[in-house]
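One-letter residues, chain by chain:
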Amino acid sequence: MKEKKTKKILQAEKREQAMIEGIIEGSPDGIGIVVVRLECGCRKMAAVSKDGDPASEIIMYRDQAESICEKCKEDNGSFMRTKESFIHWVEPAPSEEKQKEISLKVIGSTTSH
């Protein structure tokens, strides 16, 4: 029995939007914001440049909490606990090809067989 492959399009949630806007504002070289959602509920975000290099510091936070969780304090939000990650592109967004290139460099490949 074959599994149906559906590609889920990840988008910024309303509560992430303000943080994204703030990072964009403080990152003139940023063409997108990498959003990493961790299993614990914490988030990591950073601007990315047209070359796929960091264009800001990494911001780590947890919605409606004073600080990040204890696990993230210990391991700095290990990529092993990533639930979802994507890039929120600043308009005008780069070409589809450039988006794929940057995404591969920053997030890596997430194909499943």
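How each quantity is defined
Residues numbered from 1 in each chain as written. Predicted model: local features only at pLDDT ≥ 70, side-chain atom pairs only at ≥ 80, totals over all residues. Heavy atoms only, no water. Helix = DSSP H or I, 4+ residues; strand = E, 2+ residues; numbered from the N terminus. Buried < 20%, exposed > 50% of the residue type's maximum accessible area, 1.4 Å probe, protein only. Contact = heavy atoms within 4.5 Å. Salt bridge = Lys/Arg side-chain N within 4 Å of Asp/Glu carboxyl O. Pairing = 2+ DSSP bridges. Axes fitted to C-alpha atoms, helices over the stretch in contact; angles between N-to-C directions. pLDDT = per-residue confidence, 0-100. Expected span 1.5 Å × (residues − 1). Arc of directions from axis to C-beta.

Visitor: Help me out: how do you make sense of the overall build of the protein chain in this one?
Guide: On a plain count of helices and strands, the protein chain comes out with three helices and four strands. Start at the N end of the protein chain and walk to the C end: the helices and strands fall as α-β-β-β-α-β-α. Per-residue burial for the protein chain yields a buried fraction of 33% across its 113 residues. For the protein chain, contacts bridging at least 24 residues in sequence account for 53% of all contacts bridging at least 6.

Visitor: How do you make sense of the pattern of salt bridges when you look at a structure like this?
Guide: Oppositely charged side chains may form a pair once their charged atoms are brought near each other. Using the criterion set out here, one finds 13 salt bridges in the structure. A salt bridge links Arg-15 to Glu-13; the nearest nitrogen and oxygen atoms lie 3.0 Å apart. Since its relative accessible area comes to 52%, Arg-15 is described here as exposed. The class for Glu-13 is partly exposed, based on a relative accessible area of 27%. One salt bridge in this structure joins Lys-98 and Glu-101, with 3.2 Å as the shortest N-O distance. Of this pair, Lys-98 and Glu-101 both sit in helix H3 (residues 96-106), three residues apart, roughly one helical turn. We classify Lys-98 as partly exposed; its relative accessible area is 26%. The class of Glu-101 is partly exposed, set by a relative accessible area of 47%. Several salt bridges converge on common partners, so that one network encompasses Glu-13, Arg-15, Glu-16, Arg-37, Arg-43, Asp-63 and Glu-84.

Visitor: Is there a simple way to explain the sheet that holds strand E1 (residues 32-38) in this structure?
Guide: Strand pairing in a sheet relies on backbone hydrogen bonds. The paired strands run either parallel or antiparallel. An order of E3-E2-E1-E4 is seen for the four strands of this open sheet, with the pairing classed as antiparallel. Because the sheet does not close on itself, it has two edges, and the strands there are strand E3 (59-62) and strand E4 (82-89). Across the sheet, the mean angle from the axis of one strand to that of its neighbour is 20°, orientation sign disregarded. Sheet topology places strand E2 (residues 42-48) next to E3; four bridges connect them, and they run antiparallel. Bridge pairing in E3 places Lys-44 opposite Met-60. Across the sheet, helix H1 (residues 14-25) is in contact with E1, E2, E3 and E4; its angle to E2 comes to roughly 35°. In the packing of H3 onto the sheet, contacts are made with E1, E2 and E4, and the angle to E4 comes to roughly 145°.

Visitor: Help me understand the confidence of the model for the protein chain in this model?
Guide: In low-pLDDT regions, the fine details of the predicted coordinates are not to be read closely. Here the protein chain averages 89 in pLDDT, while 89% of its residues score no lower than 70. Within the protein chain, H1 has the poorest average pLDDT of any element, 92, and E2 the best, 97.

Visitor: What is the right way to look at H1 in this model?
Guide: Quick reminder: α-helices carry 3.6 residues per turn. Residues three or four places apart thus point the same way. Spanning twelve residues, H1 covers 17 Å between terminal C-alpha atoms, matching the ideal 16 Å at 1.5 Å per step. Those residues of H1 not exposed but buried are Glu-16, Ile-20 and Ile-23. Projected onto a plane normal to the axis of H1, the buried residues spread over an arc of 60° and lie on a single side. Those residues of H1 that are exposed and angled more than 90 degrees off the buried face are Lys-14, Arg-15, Ala-18 and Glu-25.

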